[in-house]
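Okay, here's what each chain looks like letter by letter:
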Amino acid sequence: MSDILLRVELHTAEQAHLALAKHAWPWAKEQMRQGRELVAEFRLLDDAITEAQRGYLHGVVLTEIAQFCRANGEQYPMPVWKEWFRDKYLGFKVVTYVDPFTRRKLRRRVRVSTEDLGVRRLARYIDEVIAFAATDLHYTVSEPLPPHLRPQRRAKKTETVDAETGEILEGSSA
């Protein structure tokens, strides 16, 4: 366990309770005894996946397209491809705001960023970019999107029912 950082992934309520009670709290208590001040931060686990997805998108997909693909016989740098794909597949949204000097409502178009996408939408966007590279640029990206960067379907809770009595026995994951 690190002296300055403790990272705990929480997946279920029961596991979270145990992890916080047996690991996080004793660690935090010891740090406080040593006079260290702490900050506790909880965020959705999906954030870590989207960071890895963005790394794959920029480090593998867009970089390879920039290195090996040509449009109209010319090679373009990665930032050019990044903006082109963003415009093609993500587009823009219209934002309304108030001008502080005139008090008038104004609207403007703002591009959609990959930062605005969740895990599923970002995985779909990466697939769209890879598909375009394969069909229109005739280039196959060397590494497909790793399975751990694809969104996992969450198991639905189902009830186990006794066939003879119709009694609900327990909740289980399907």
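It should be emphasised that the depicted structure is a prediction, and the values quoted were computed from it without experimental measurement.

Topic: helix H1 (residues 13-33)
In an α-helix, one turn spans 3.6 residues; hence positions three or four apart end up facing the same way.
Reasoning step 1: Given a rise of 1.5 Å per residue, 21 residues ought to cover 30 Å, and the 28 Å separating the end C-alpha atoms of H1 matches this to within 8%.
Reasoning step 2: The principal kink in H1, of about 40°, is found at leucine 20.
Reasoning step 3: Among the residues of H1, those classed as buried are Ala16, Ala19, Ala24, Trp27, Ala28 and Gln31.
Reasoning step 4: Following H1 by one or two positions, glycine 35 adopts a phi angle in the positive range, close to 85°.

Overview of the side chain of glutamine 53
Reasoning step 1: Along the chain, the position of glutamine 53 falls in helix H2 (residues 46-68).
Reasoning step 2: Apart from the residues lying within four places of it in its own chain, the contact partners of glutamine 53 are Val119, Leu122, Ala123, Ile126 and Leu149.

As for the pattern of salt bridges
Reasoning step 1: In total, this model carries 5 salt bridges according to the counting rule given.
Reasoning step 2: Arginine 86 is paired through a salt bridge with glutamate 83; the nearest N and O atoms lie 2.6 Å apart. Of the two residues, arginine 86 and glutamate 83 both sit in helix H3 (residues 78-90), 3 residues apart, roughly one turn of that helix.
Reasoning step 3: Given a relative accessible area of 5%, arginine 86 falls into the buried group.
Reasoning step 4: Among the ionic pairs, arginine 121 bridges to glutamate 128, the shortest N-O distance being 3.5 Å.

Points about the confidence of the model for the protein
Reasoning step 1: Mean pLDDT over the protein works out to 83, with 81% of the residues at or above the 70 mark.
Reasoning step 2: Per-element mean pLDDT across the protein ranges from 57 in strand S4 (residues 168-173) up to 95 in H3.

Examining the pairing of strand S2 (residues 105-111)
Reasoning step 1: Where strand S1 (residues 92-98) and S2 come together, 7 bridges link them in antiparallel fashion. The residue bridging threonine 96 from the neighbouring strand is arginine 107, located in S2.
Reasoning step 2: Taking the residues between adjacent antiparallel strands as the criterion, S1 and S2 are bridged by 6 residues, where arginine 103 takes a positive phi near 65°.

Calculation notes
- Residues numbered from 1 in each chain as written.
- Predicted model: local features only at pLDDT ≥ 70, side-chain atom pairs only at ≥ 80, totals over all residues.
- Heavy atoms only, no water.
- Helix = DSSP H or I, 4+ residues; strand = E, 2+ residues; numbered from the N terminus.
- Expected span 1.5 Å × (residues − 1).
- Bend = angle between axes of the 7 residues up to and from the residue.
- Buried < 20%, exposed > 50% of the residue type's maximum accessible area, 1.4 Å probe, protein only.
- Contact = heavy atoms within 4.5 Å.
- Salt bridge = Lys/Arg side-chain N within 4 Å of Asp/Glu carboxyl O.
- pLDDT = per-residue confidence, 0-100.
- Pairing = 2+ DSSP bridges.

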